[in-house]
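# Structure at a glance
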Amino acid sequence: MPANHFNTHCPDWAEALLNGFSQIFLQRHPLCGLLCLLAILLTAPVLFAGALLGAVAGLLTAQRRNYAKADRQAGLFSYNGVLLGLLLSLYFPWSPLLPPLILAAGGLSAMLTQQWLKHVYRSRSIPAYTSPFVAMSWMLLLFAEPSAPMAHIEMNTLNLLAAELRGLGQVMFLGHPLAGALVAAGLLVADRRAFAWALLASAIGLGSSLLHHETHAALLGLGSYNAVLAALAFSGQRQQPWLPLLGIVLALLVTPLFAAIGLATLTAPFILAGWLIRAGIQVLGKAAVDGTPCVQGENQPRLR
């Protein structure tokens, strides 16, 4: 989730942390991050400490290792830590060992992100998205106890509307409609285009789950959150407005693959969909450059 603008000034700790929360939704906006933080605090307070610890661990690691100030300000070293803190707080009981584990996971995610960013800046390759979070979570979940079955939700109009919001909140493991409403408000403040695509993606994911008779998952928002992230990843592509829709469709299509191979879904479908689209863009762009007549081989235009 790279930042678009670079700043020569070191940010204060609050702005850096809040940007880390907003980067979960591919935004760089402190107020959006604050609303995401409030969504956790108000709807799942038991997860709040873990999320904050993960964010702090990522930021402190980046500061200690003198990573780029602009990237720290953008929140790029915190968002994976937030997600890891949420996951560990959700799947592991609180004990004296849990806070150090969250701190270690958040710090390691920052180091993995830095290595990926160095590669991206050098070769303009595919972004990491939440891959550090997913890779580390797959290993951590090997030691987690099975989660308790979720409560049944009745199919009615009110719950269908609530499921639209749950699709946003489930990006952060939050199943309360209020969490989704706060996230939606944050996206509206940060980028109205991103807000619109997120709501559309959640609705499409909900409809897809219902069509596949996955009613329980649909009403919990579990069939929507990867589509939401995939749409957000490409919502800024004004010259190619069809890319968010392609991201939504691909994320929904690849989601069953992870359950089929026995891996937790998490945000892996979003990552795979995003990588496939960006790889396709690079291949098509290179083919277009190679096929352009009267272009000198030593002076080909640089791809953006």
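Rules of the game
- Every chain's residues receive numbers from 1 upward, in the order its sequence appears when written.
- Residues qualify for local features only when their pLDDT is at least 70, as the model is predicted, and side-chain atom pairs are given and counted only at 80 or more; totals for whole chains, interfaces and linings, by contrast, use all residues.
- With hydrogens and water set aside, each side-chain value is computed from the structure's full complement of heavy atoms.
- Secondary structure is summarised from DSSP: a helix means a run of H or I of at least four residues, a strand means a run of E of at least two, and numbering begins at the N terminus for each.
- Only protein chains enter the accessibility calculation, which uses a 1.4 Å probe; a residue whose area is less than 20% of its type maximum is buried, one above 50% is exposed, and one in between is partly exposed.
- Contacts are residue-level and defined by heavy atoms, with any inter-residue pair within 4.5 Å sufficient.
- Accessibility throughout is a Shrake-Rupley quantity obtained with a 1.4 Å probe, and a residue counts as covered only by protein chains that appear here.

## Side note on the overall build of the protein chain
- Regarding its fold elements, the protein chain presents 14 helices and zero strands.
- Ordered by position from the N terminus, the helices and strands of the protein chain form the series α-α-α-α-α-α-α-α-α-α-α-α-α-α.
- Taking all 304 residues of the protein chain together, the buried fraction comes to 47%.
- Put simply, of all contacts in the protein chain between residues at least 6 apart along the chain, 73% involve residues at least 24 apart.
- Accessible area for the protein chain stands at about 14900 Å²; split by element, carbon and sulfur atoms hold 66% of it.

## Focus: unusual backbone geometry
- Despite not being glycine, Phe-173 shows a phi value in the positive range, around 65 degrees.
- Summarising the element assignment, Phe-173 is placed in the loop between helix 8 (157-169) and helix 9 (177-190).
- With phi around 60 degrees, His-213 is a residue other than glycine that occupies positive phi space.
- Of the residues examined, His-213 reaches a relative accessible area of 71% and is grouped as exposed.

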